[in-house]
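Below are the chains, spelled out letter by letter.
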Amino acid sequence: QVQLVETGGGLVQAGGSLRLSCAASGRALSTYAMGWFRQAPGKERAIVAAISGSGGMTYYADSVKGRFTISRDNAKATVYLQMNSLKPEDTAVYYCAATLRGFYDWMEPAGYTSWGQGTQVTVSS
């Protein structure tokens, strides 16, 4: 198992940027594919982006393509989500998650075995 802690959330105006970090401890992070999910009030948790253990493969939800970038530094055991051109509809609690499963399991929360506690992102209009 790997333990995950997200940081970097906050309040930002529309059009602004934030960078979320997910620090991992426990088993070597490079073993895991990592995902960022978000959950807005009254909505289901949904995939934002995911990245393979080596960082060579990524996936983005259509709603964030061209605005968000997922990356990782396995030496620092940290995964990042750079969020640019933020919109009010990006407001949610953002979670990072880890999985040993392959690409086709990355899009659903059930495909992940370890989760962080979440960090709130609020985008004002």
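Please read these numbers as outputs of a predicted model, since none were measured by experiment. (Residues numbered from 1 in each chain as written. Predicted model: local features only at pLDDT ≥ 70, side-chain atom pairs only at ≥ 80, totals over all residues. Heavy atoms only, no water.)

(A) Quick peek at the overall build of the protein. For the protein, the helix and strand inventory stands at zero helices and eleven strands. Ordered by position from N to C terminus, the α and β elements of the protein give β-β-β-β-β-β-β-β-β-β-β. A globule of 125 residues ought to have a C-alpha radius of gyration of about 14 Å, and the protein, at 13 Å, matches this closely. Expressed along its principal axes, the backbone C-alpha trace of the protein runs to roughly 40 × 25 × 25 Å. Here the protein holds 125 residues, and 45% of them are scored as buried. Considering only contacts within the protein whose residues lie at least 6 apart along the sequence, 59% involve residues at least 24 apart. Surface exposure of the protein reaches about 6,100 Å², of which carbon and sulfur atoms provide 49%. (Helix = DSSP H or I, 4+ residues; strand = E, 2+ residues; numbered from the N terminus. Rg over C-alpha atoms; globule rule 2.2 N^0.38 Å. Buried < 20%, exposed > 50% of the residue type's maximum accessible area, 1.4 Å probe, protein only. Contact = heavy atoms within 4.5 Å. Areas by Shrake-Rupley, 256 points an atom, 1.4 Å probe, with all protein chains shown as cover.)

(B) The nonpolar core, seen in detail. Ranked by size, the top nonpolar core spans 30 residues in total, and within it Met 34, Trp 36, Leu 81, Met 83 and Tyr 94 carry the most contacts. Sequence-distant contacts of Met 34, defined by excluding residues within four places in its chain, comprise Leu 4, Cys 22, Leu 29, Ala 49, Ala 50, Ile 51, Ile 70, Arg 72, Val 79, Ala 97, Ala 98 and Tyr 112. If you look at the next biggest cluster of nonpolar residues, it comprises seven residues, including Ala 33, Ala 50, Ala 97 and Tyr 112. (Core = buried A, V, L, I, M, F, W, Y, C linked by side-chain atoms within 4.5 Å.)

(C) Quick look at the sheet that holds strand E1 (residues 2–7). In spatial order, the strands read E1-E3-E8-E7; together these four strands make up an open sheet with antiparallel pairing. With one partner strand each, in any of the chains shown, E1 and strand E7 (68–73) form the two edges of the open sheet. Here the strands of the sheet are splayed against their neighbours by 15° on average, with no regard to which way each runs. As judged from the six bridges shared by E7 and strand E8 (residues 78–83), these two strands associate in the antiparallel manner. Bridging across to E8, Thr 69 finds its partner in Gln 82. (Pairing = 2+ DSSP bridges. Axes fitted to C-alpha atoms, helices over the stretch in contact; angles between N-to-C directions.)

(D) Fine view of the state of the cysteines. Within the structure shown, the criterion is met by one disulfide. Here Cys 22 is linked by a disulfide to Cys 96, with a sulfur-sulfur distance of 2.0 Å. Looking down the S-S bond of the Cys 22 and Cys 96 bridge, the torsion is 60°, so its handedness is right-handed. With Cys 22 in strand E3 (residues 18–26) and Cys 96 in strand E9 (residues 92–99), this pair connects stretches of sequence that are 74 residues apart. Here Cys 22 and Cys 96 have matching classes, each one buried. (Disulfide = S-S within 2.5 Å.)

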